[in-house]
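Fold and geometry: a report
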Amino acid sequence: MEQQQQQQPDEKQQREAMPPPEKARKLNNNSSSNGSPPGEPTPPAPTLTPVTPTGTPTGTAAGSPAEPPTPHTPPAQMQTPTPTSAAAVVASSSCSPKPSPTPNLIITNRACSLPTVKPSPLRVAGPRATARTPSLLLIPGGFTGASPVPTPSPIPGCQSPSVSMQQHLMNKEEREMSKLFSSHRYSYVDMPVELVIVRHGESEGNLAQDRAKAGDPTDFNKEAFSSKHTSKYRLTTKGRLQATLAGNWIKANFEPAGHFDFHFCSEYVRAMETAGCLNLPRAKWVTDFYIRERDGGVYGGQPRSAIDSNEVKRRERDLFYYCPPGGESIANGCLRVDLFLQKLASNCSGLRVIVVAHRTIMHCFRILLERTKQQDFLAVFRARSETMDNCHILHYSRRNPSTREVHSHLSWMRSVNPLRPMVNSEWLLINRPHFSNKAVMAVVNSVPQAVDNTPAELEEFKMLVERAERELEVQRQAEQDKNKADDS
């Protein structure tokens, strides 16, 4: 017994002098030799000893000397290899950032460039232009005063844009671009990437109207023609040739060879015949009555000389809202086209779509897609009437023609006449107007006021306002008294 008592202090001193792992193994050996009866299996000893907040290991009797906790060693699969030198983690560079406390972050030396984000296949040019965004000139007034798209001019020293570089990229020109793209919030979203609208070729009605304007209205006296509804007009031989030439232009300017995902045309016969004469590959045309021609009412199918002089005056007052007897106005046509555009947004987003329609309906497309102001419509309509010939083509696109980036809205357009190349426009960036309070009042003040109130009417209105203010004051006082009574 005395020998064992003398041996125990020696062993205790040896354990205190041991490093922590050796000490844990020694404790495990002692517990298995001293605490387990002979012949019984030795229970597994934990390698980690939990420590209570007071510093006493759990499972240790009170009064026993507390051993220092063994440091925790994470499992092998959770460990991160420790680099042998700092150069293995952060490449030596005078402008390299400080190492991150996260052990898994390894920063490589790439000329001190910021992290490069790999672009997705479909890039969207947002309100803040990047280094690849061209210097585009704005289009004042929607249709007129437009400038062609110039070539892009990248910012020197900027290899790839990132979040931290956005402030650097926001120069004066890009702030103007940001203002422009903010106007697209009021336009249609989820539209086709390419939207092509074609007017039908020359029809029987077009030829008869042109002859009547030249002084020969005999076509309207023919029973076979005058008994037709305007929706039944066929194309003339010239009209079929026009449609064939327009189809050739489309196939030459759209790769692959005039392929479209959706094909729509008006239910009117002249539009359907034009669609067939375009001869587009793999075309499957869908007729839609929303894009039919504007209804002329009682004057439909009549020479323009037959229109009553009073109706001419009504039409000249406001061409946009004028509605012939039994017909519809251009504003009514815009409502139909709006429904059609909503269908395109629902079913044809991101695709290529071609539409064969009519002259007035093409103006409706322009009014809605470019947000033409009402006070500008008459000048625009008359200016474009000479160039909106049969088989005229309007091409809207979400793709930037310079950078090929895809925008969130239909932001570019061009107007093409395959038979009159001299009047064809370059790609134009659409500026959809929106107004401040001052701009709104400037538009209002441009219209003269013809009728106003008399002083007696204004005095009566003033007395009415004063009486309403007294009644409101009585009502507020009654509510205050009621609240005081409830509090007491």
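Residues numbered from 1 in each chain as written. Predicted model: local features only at pLDDT ≥ 70, side-chain atom pairs only at ≥ 80, totals over all residues. Heavy atoms only, no water.

1. What to know about the pattern of salt bridges
- Scanning the entire structure with this criterion turns up 12 salt bridges.
- Here lysine 222 and aspartate 219 are joined by a salt bridge, their closest N and O atoms 3.3 Å apart.
- Taking relative accessible area as the criterion, aspartate 219 reaches 9% and is therefore assigned buried.
- A salt bridge links glutamate 311 to arginine 314, with the shortest nitrogen-to-oxygen separation between them at 2.6 Å. Separated by 3 residues within a single helix, glutamate 311 and arginine 314 lie in helix H9 (residues 309–317), roughly one turn from each other.
- Using a relative accessible area of 12% as the deciding quantity, one classes glutamate 311 as buried.
- For arginine 314, a relative accessible area of 34% gives the class partly exposed.
- Among the ionic contacts, a cluster of salt bridges with common partners joins Arg211, Asp219 and Lys222. (Salt bridge = Lys/Arg side-chain N within 4 Å of Asp/Glu carboxyl O. Buried < 20%, exposed > 50% of the residue type's maximum accessible area, 1.4 Å probe, protein only. Helix = DSSP H or I, 4+ residues; strand = E, 2+ residues; numbered from the N terminus.)

2. Remarks on the pairing of strand S6 (residues 412–416)
- Counting buried positions along S6 gives 5 out of 5 residues, so the element sits mostly inside the fold.
- The side-chain alternation of S6 yields two buried faces, one formed by Trp412, Arg414 and Val416 and the other by Met413 and Ser415.
- In the sheet, strand S5 (residues 393–397) pairs with S6 via 5 bridges, with the strands oriented antiparallel. Among the inter-strand pairings, isoleucine 393 is bridged to a residue of S6, identified as valine 416. (Pairing = 2+ DSSP bridges.)

3. Concerning the packing of aromatic side chains
- Evaluated as defined, the whole model comprises 9 aromatic pairs.
- Taking the centre distance of 5.3 Å and the plane angle of 50° together, the rings of phenylalanine 254 and phenylalanine 260 count as tilted. Neither phenylalanine 254 nor phenylalanine 260 differs from the other in exposure class; each is buried.
- Here the aromatic rings of phenylalanine 340 and phenylalanine 365 are separated by 6.1 Å at their centres, their planes lie at 90°, and the arrangement is edge-to-face. Note that phenylalanine 340 is positioned in helix H10 (residues 330–347) and phenylalanine 365 in helix H11 (residues 359–370), a separation of 25 residues in sequence.
- Among the aromatic residues, those joined into a cluster by ring pairs are Phe262, Phe264, Phe340 and Phe365. (Phe/Tyr/Trp six-rings, centres within 6.5 Å; stacked < 30°, edge-to-face > 60°.)

4. Observations regarding the sheet that holds S6
- Taken together, the 7 strands give an open sheet; going across it, the order is S3-S2-S4-S1-S5-S6-S7, and neighbouring strands pair in mixed fashion. A strand with exactly one partner marks an edge of an open sheet, and here the two such strands are strand S3 (285–287) and strand S7 (428–429).
- Pairing analysis gives 4 bridges linking strand S2 (residues 262–265) to strand S4 (residues 352–357), with the strands arranged parallel. Residue pairing across strands places histidine 263 opposite isoleucine 354, the latter belonging to S4.

5. Quick word on unusual backbone geometry
- Residues glutamate 255 and proline 256 are joined by a peptide bond in cis, for which omega reads -5°.
- Its location among the elements puts proline 256 in the loop between helix H7 (237–253) and S2.
- Unusually for a residue other than glycine, aspartate 190 sits at a positive phi of about 60°.
- For asparagine 279, which is not a glycine, the phi torsion comes out positive at approximately 55°.
- Examined against the element boundaries, asparagine 279 turns out to sit in the loop between helix H8 (269–278) and S3.
- On the accessibility criterion, asparagine 279 (52% relative accessible area) is exposed.

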